[in-house]
Amino acid sequence: MAITPRTSTTLTQFLIEQRRRFPDASGNFNALMLDVALACKAIAKSVAYGALADLLGHHPEDGGSCVNVQGETQQKLDVLSNELFIRMTECGGNLSGMASEEMETPYPIPTHLHRGKYLLVFDPLDGSSNIDVNVSVGSIFSILRAPRHVQDGADLTEADFLQPGCEQVAAGYALYGPTTMLVLSVGSGVNGFTLDPVMGEFMLTHPDLRVPEDTQEFAINASNARFWELPVKRYVDECLAGRTGPRGKDFNMRWIASMVAEAHRILMRGGVFLYPRDTKDPDKASRLRLLYEANPVGFIMEQAGGRASTGRKPMLQVQPGQLHQRIGLVFGSRNEVERIERYHSEPVALKDENPLFAERSLFRD
Ligand code: AHG
Ligand code: MN
Ligand code: MN
């Protein structure tokens, strides 16, 4: 069957068009974005080869396995994807440094290379527990401005990256699913591109994406229910109660365990995702990380008319305290996220009246 392209706008053409809005722009940002897109294409290729290229399984070291700064076992593709991001973006002259889930400390652009205006923060492979079972994974990235002193050659430190999400110049993700897609916001809406695997080009296929304001679909890892705070328990309980409960409608539930894939589903058809603050580990606020998971996805959601929150405040207003800081994250359809925020601000006296947590409850503590 002949495949007739439905679109002829490439990512490059799209970026050039966007740049017309900023007559003084140098083109550095566009060059950086194309380098990031190249890294994503290289990762897509590695993910697609999988076992054929011996790329599944744990990253070996002396026959054992490596653990990253998160305390998580690294997969081969976590490490390779991290290397591809560095290799494809460090020589362009547009970055002063990078930070990633897989690197304990920031990576400064080596002194023999030119330093540029931007910082790149990324999760090279999100959902990497899904690699070995051939379920969608992705890459998440955030672009920040580099402080002047760093561009001028001063040492790069963790503090240079501790900028609230509202300061992001751009953010996006690549999704390595049945097709490879790049979803991007440069601060004026959200656009989606599909990789034409023969031409090697990202083509604009999903212009001006918008998250529906309402939904009947939620995503949460219910195995953590006993660690949730009461406002989250209340929200989920009301969803589960369905048509005869306080919401007066039935809800559906999904959990892919690749946040990037959940974000994409929500961008396509609405929904709400929660990895809320919980009490599972007293040393960690939650599972997901602020700078390279919550902030870029939050930026995309807000730019598409959705909402992203800690439950207590807008995600993009959080002042980061640490490079690998974890945070409770709620995002998706605006009305649903606002409802969850409202539950967090209301006093709760639920435990006794809530059937879900009663003696014979499914989710009893
Ligand atoms: P990563 O693979 O980058 O460490 O991130 C995985 C994250 C996220 O993608 C997903 O939503 C979550 O971990 C899944 O957590 P559970 O294992 O608790 O379901
Ligand atoms: Mn991740
Ligand atoms: Mn990851």
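Criteria and thresholds
Residues numbered from 1 in each chain as written. Chains lettered and ligands numbered in written order. Predicted model: local features only at pLDDT ≥ 70, side-chain atom pairs only at ≥ 80, totals over all residues. Heavy atoms only, no water. Helix = DSSP H or I, 4+ residues; strand = E, 2+ residues; numbered from the N terminus. Rg over C-alpha atoms; globule rule 2.2 N^0.38 Å. Buried < 20%, exposed > 50% of the residue type's maximum accessible area, 1.4 Å probe, protein only. Contact = heavy atoms within 4.5 Å. Areas by Shrake-Rupley, 256 points an atom, 1.4 Å probe, with all protein chains shown as cover. Lys, Arg positive; Asp, Glu negative; His and termini not counted. Charge placed at Lys NZ, Arg CZ, Asp CG, Glu CD. Donors = N, O, S within 2.8 Å, 3.2 Å for Na, K, Ca; no water. Near = heavy atom within 4 Å. Polar contact = N/O pair within 3.5 Å; in protein donor to acceptor, adjacent residues only side chain to side chain. Arc of directions from axis to C-beta. Pairing = 2+ DSSP bridges. Axes fitted to C-alpha atoms, helices over the stretch in contact; angles between N-to-C directions. Phe/Tyr/Trp six-rings, centres within 6.5 Å; stacked < 30°, edge-to-face > 60°.

S.K.: I tried to follow the overall build of the protein on my own but got confused; where do I start?
M.R.: Tallying secondary structure elements over the protein gives eight helices and 13 strands in all. The C-alpha atoms of the protein give 21 Å as radius of gyration, which agrees with the globular expectation for 365 residues (21 Å, within 12%). Projected onto its principal axes, the C-alpha coordinates of the protein cover approximately 65 × 50 × 45 Å. Burial statistics for the protein: of 365 residues in total, 56% are counted as buried. For the protein, long-range pairs separated by at least 24 residues make up 65% of all intrachain contacts whose partners lie at least 6 apart in sequence. Element-wise, carbon and sulfur atoms account for 50% of the exposed surface of the protein, whose accessible area totals about 16,500 Å². With 37 positive and 45 negative side-chain charges, the protein shows a separation of 5 Å between the mean positions of the two kinds.

S.K.: What should I look at first to understand the coordination of the manganese ion (ligand 3) in this one?
M.R.: Tetrahedral coordination by four donors puts the ideal angle at the metal at 109.5 degrees, and octahedral coordination by six puts it at 90 or 180 degrees. Only Glu 101 (OE), Asp 123 (OD) and Leu 125 (O) from the protein coordinate the manganese ion (ligand 3), and they sit 2.2 to 2.5 Å from it. Each donor residue of the manganese ion (ligand 3) lies on one chain, and together they are spaced E-x21-D-x1-L. Between the manganese ion (ligand 3) and the manganese ion (ligand 2) the interatomic distance amounts to 3.7 Å, and Asp 123 serves as a bridging ligand to the pair. Taken together, the residues span a long stretch of sequence, with Glu 101 in the loop between β1 (95-100) and β2 (107-108) and Asp 123 in strand β3 (residues 118-126) at a distance of 22 residues. Under the relative-accessibility criterion, Asp 123 is labelled buried at 0%.

S.K.: Where do I start with the site of ligand 1 in this structure?
M.R.: Close contacts around ligand 1 come from 18 residues, with Glu 101, Asp 126, Gly 127, Met 259 and Tyr 275 the closest. A distance of 2.9 Å separates an oxygen atom of ligand 1 from a polar side-chain atom of Trp 255. A distance of 3.1 Å is found between an oxygen atom of ligand 1 and a side-chain nitrogen or oxygen belonging to Arg 289. For ligand 1, the accessible surface in isolation is 470 Å², of which the surrounding protein chains cover 88%.

S.K.: Which parts of the structure should I look at to understand the coordination of the manganese ion (ligand 2)?
M.R.: At 1.9 to 2.1 Å from the manganese ion (ligand 2) lie its protein donor atoms, namely Asp 123 (OD), Asp 126 (OD) and Glu 293 (OE). Of note, the donors binding the manganese ion (ligand 2) are all from one chain and are spaced D-x2-D-x166-E. Looking at Asp 126, the relative accessible area reads 4%, which means it is buried.

S.K.: How do you make sense of the side chain of Thr 194 when you look at a structure like this?
M.R.: Its place among the elements puts Thr 194 in strand β7 (residues 191-196). At a separation of 2.6 Å, a polar atom in the side chain of Thr 194 contacts the side chain of Thr 205. When near neighbours in sequence (up to four residues on either side) are disregarded, Thr 194 contacts Thr 179, Thr 180, Met 181, Glu 201, Phe 202, Met 203, Thr 205 and His 206.

S.K.: In this structure, what is going on with helix α6 (residues 259-269)? I would like to understand it.
M.R.: Burial runs high along α6: nine of the 11 residues are buried. Those residues of α6 that fall on the buried side of the exposure criterion are Met 259, Val 260, Ala 261, Glu 262, Ala 263, His 264, Arg 265, Ile 266 and Leu 267. Positioned one or two residues after α6, Gly 270 has a phi angle of 85 degrees, which is positive.

S.K.: How should I be thinking about helix α1 (residues 11-19) in this particular structure?
M.R.: Each α-helix turn comprises 3.6 residues. Residues three or four places apart therefore point the same way. Those residues of α1 that fall on the buried side of the exposure criterion are Leu 11, Phe 14, Leu 15 and Gln 18. End-on view of α1: buried residues confined to an arc of 95 degrees, all on one side of the axis. Those residues of α1 that are buried are in contact with α2 (28-49), β6 (180-185), β7 and β8 (201-206).

S.K.: Please explain the sheet that holds strand β12 (residues 307-309) as it appears in this structure.
M.R.: Pairing between the strands of a sheet is mediated by backbone hydrogen bonds and can be parallel or antiparallel. Strand order in this open sheet of five strands is β10-β9-β11-β13-β12, and the pairing throughout is mixed. Every interior strand has two partners, whereas the edge strands, β10 (252-253) and β12, have only one. The pairing of strand β9 (residues 217-220) with β10 spans two bridges and is parallel. Bridged to Phe 218 within β10 is Met 253. Sitting on the sheet, α6 is in contact with β9, β11 (272-275) and β13 (329-332), with an inclination near 30 degrees to β13.

S.K.: How should I be thinking about the pairing of strand β4 (residues 137-145) in this particular structure?
M.R.: Two faces, one strand: in a regular strand the side chains alternate between the faces of the sheet. β4 sits mainly inside the fold: eight of its nine residues count as buried. In the sheet, β3 pairs with β4 via seven bridges, with the strands oriented antiparallel. Opposite Leu 120, over in β4, you have Ile 143 as the bridge partner. Sheet topology note: the β4/strand β5 (residues 170-176) ladder contains seven bridges and is antiparallel. Across the sheet, residue Phe 141 finds its bridge partner in β5, namely Gly 172.

S.K.: Sorry, what's going on with the packing of aromatic side chains here?
M.R.: The relation between two aromatic rings is expressed through the spacing of the ring centres and the mutual angle of the planes. Under the definition given, this model contains eight aromatic pairs. Both rings, one in Phe 14 and one in Phe 193, keep their centres 5.1 Å apart while their planes meet at 75 degrees; by these two values the pair is edge-to-face. Pair noted here: Phe 14 is in helix α1 and Phe 193 is in strand β7, with a separation of 179 residues, a long-range link. Phe 193 matches Phe 14 in its accessibility class, with the two residues each being buried.

S.K.: How should I be thinking about the sheet that holds β8 in this particular structure?
M.R.: The eight strands lie next to each other as β2-β1-β3-β4-β5-β6-β7-β8, forming an open sheet whose pairing is mixed. The outermost strands of the open sheet, each flanked by one partner alone, are β2 and β8. Sheet topology places β5 next to β6; six bridges connect them, and they run antiparallel. Across the sheet, Gly 172 pairs through a bridge with Leu 184, a residue of β6. Contacting β1, β3, β4, β5 and β6, helix α7 (residues 290-303) runs over the sheet at an angle of about 85 degrees to β4.

Interpretation in functional terms is not warranted from these geometric data alone.
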